[in-house]
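Next come the chains, spelled out residue by residue.
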Amino acid sequence: MTDSPTIFARILDGEIPCHRIYEDDHVLSFLDVGPLTRGHTLVIPKERKAFLHELSDEAGAALGRALPRIARAVRAATGCEHYNVLQNNGAPAHQAVFHVHFHIIPRVGDEGLGIGWSPGSLDDGESLAAAIRQHLESSSS
Ligand code: DGP
């Protein structure tokens, strides 16, 4: 990761074109340049943060408001019934562009997001939930 502007910051600055879908004070949405399926859409905050956990409440709320609306429009425009929403944080988690972004990826038959999912067992649920609750309480606001 470097300090130079990400490709999405350059899109926000108008230096690089995009196929724009939606824009408000906090959010921009545009088509992914390398779609997994037709209609693969990106939704980004205007706030320049690499990871979801770094976002302000304001940016998070704006993304939450925009995502269902954009998902409805992608479904209607492409005719896809099913889709995945993907949000990667960190290179090991498949993040390539270090500006927060949500993918909306239509699922068309076998085409779309490939997922490897190997469930484990939840052995320490009570203590783990308590630990996470404690961090939420100590960092709330
Ligand atoms: P991720 O692996 O979650 O960081 O996905 C980054 C996505 O960004 C990837 O699906 C391709 C897309 N992308 C990269 N560069 C550009 C660009 O210049 N324009 C657009 N529209 N999408 C881009």
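In the block above lies the structure referred to throughout.
Throughout what follows, the structure given in this document is the object of discussion. Being a predicted model, the structure only gives us computed values, none of them experimental.

### Focus on the sheet that holds strand β5 (residues 102–107)
Reading across from one edge, β1-β2-β3-β5-β4 is the order of the five strands in this open sheet, with antiparallel pairing throughout. The open sheet has two free edges, formed respectively by β1 (20–23) and β4 (82–86), since each of these has just one partner strand. Strand after strand, the sheet turns through a mean of 15 degrees between neighbouring axes, direction not considered. Here helix α2 (residues 57–78) sits on the sheet in contact with β1, β2 (27–31), β3 (41–45), β4 and β5, set at roughly 165 degrees to β3.

### So, the packing of aromatic side chains
Ring pairs (aromatic) are described by centroid distance and by the angle formed between their planes. Under the defined criterion, the tally for this structure stands at two aromatic pairs. Measuring from ring centre to ring centre gives 6.2 Å for Phe 51 and Phe 98, while their planes differ by 85 degrees; the resulting arrangement is edge-to-face. Of this pair, Phe 51 sits in the loop between β3 and α2 while Phe 98 sits in the loop between β4 and β5, and the two are 47 residues apart along the sequence. Take Phe 98: its relative accessible area is 21%, and that puts it in the partly exposed class.

What counts and what doesn't
- Residues numbered from 1 in each chain as written.
- Predicted model: local features only at pLDDT ≥ 70, side-chain atom pairs only at ≥ 80, totals over all residues.
- Heavy atoms only, no water.
- Pairing = 2+ DSSP bridges.
- Helix = DSSP H or I, 4+ residues; strand = E, 2+ residues; numbered from the N terminus.
- Axes fitted to C-alpha atoms, helices over the stretch in contact; angles between N-to-C directions.
- Contact = heavy atoms within 4.5 Å.
- Phe/Tyr/Trp six-rings, centres within 6.5 Å; stacked < 30°, edge-to-face > 60°.
- Buried < 20%, exposed > 50% of the residue type's maximum accessible area, 1.4 Å probe, protein only.

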